[in-house]
Amino acid sequence: TTLTLIPMVKEKIAIPLIAAGGIATGRGMLAAMVLGADGVQMGSRFVASFESSAHANFKQTVIETGEGDTQLTLKELAPVRLIKNKFYNDLQELYQNCPKKEDLELLLGKRRAKRGMFEGDLVEGELEIGQIAGLIHDIKPVEDIIKEIIAEFELAKTEASSL
């Protein structure tokens, strides 16, 4: 996980370390930096922004996603965390038969991620999002997201200093 990898990587490198994975808040950013990161990269949080090119259906699904609504899968091709939908259920059904890589590729097909995330097909589309989706509750401008993250980061620093 990000929390274990940051300190392990930090002790092995002499270049800036940018942490990614499971970070969508100011508190998460502070935690990563306390563990040794020099900066963070956030992806999932910005899906639910006005400026994101994701389809409105997908953005709405992301903010409705709760703990346990995503699952890491497709490790044989390229590990990806998906929101559970019909496509995900079809994939799980296929896994019951110990599929070959080719079987997974056939079910995945072409452009399935585009269908889900950018065309809004919430049934047959691939809906990729990080586990942190459970902490994303609204769609707003990137400027507001960044301001909130920085404010929460500064507040968390202050609170942590009193520990």
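What this report covers is the structure whose coordinates are included nearby. (Residues numbered from 1 in each chain as written. Predicted model: local features only at pLDDT ≥ 70, side-chain atom pairs only at ≥ 80, totals over all residues. Heavy atoms only, no water.)

1. Some details on a nonpolar patch on the surface
- Together, Leu-5, Met-8, Val-9, Ile-13 and Ile-15 make up an exposed nonpolar region whose accessible area comes to about 430 Å².
- A relative accessible area of 32% means that Val-9 is categorised as partly exposed. (Patch = residues over 30% accessible without salt bridge, like charges linked within 9 Å, V, L, I, M, F, W, Y side chains within 5 Å. Areas by Shrake-Rupley, 256 points an atom, 1.4 Å probe, with all protein chains shown as cover. Salt bridge = Lys/Arg side-chain N within 4 Å of Asp/Glu carboxyl O. Buried < 20%, exposed > 50% of the residue type's maximum accessible area, 1.4 Å probe, protein only.)

2. Quick look at the pattern of salt bridges
- One pass over the structure, following the stated rule, counts 13 salt bridges.
- In this structure, the salt-bridge partner of Glu-159 is Arg-27, at a minimum N-O distance of 2.7 Å. In this pair, Glu-159 sits in helix H8 (residues 142-161) while Arg-27 sits in helix H2 (residues 26-34), placing the two residues 132 residues apart along the sequence.
- Three or more residues are tied together by salt bridges with common partners; here these are Arg-45, Asp-138, Lys-140 and Glu-148. (Helix = DSSP H or I, 4+ residues; strand = E, 2+ residues; numbered from the N terminus.)

3. Here's the deal with the environment of Ala-54
- Among the structural elements, Ala-54 can be located in the loop between helix H3 (44-47) and helix H4 (56-64).
- What makes Ala-54 buried here is its relative accessible area of 10%.
- With 85 residues separating them along the chain, Ala-54 and Ile-139 place their C-alpha atoms 11 Å apart.
- If near-sequence neighbours (up to four positions away) are discounted, Ala-54 is found in contact with Val-47, Lys-59, Met-117 and Phe-118. (Contact = heavy atoms within 4.5 Å.)

Honestly, that's just the spatial picture; any functional story needs more than this.
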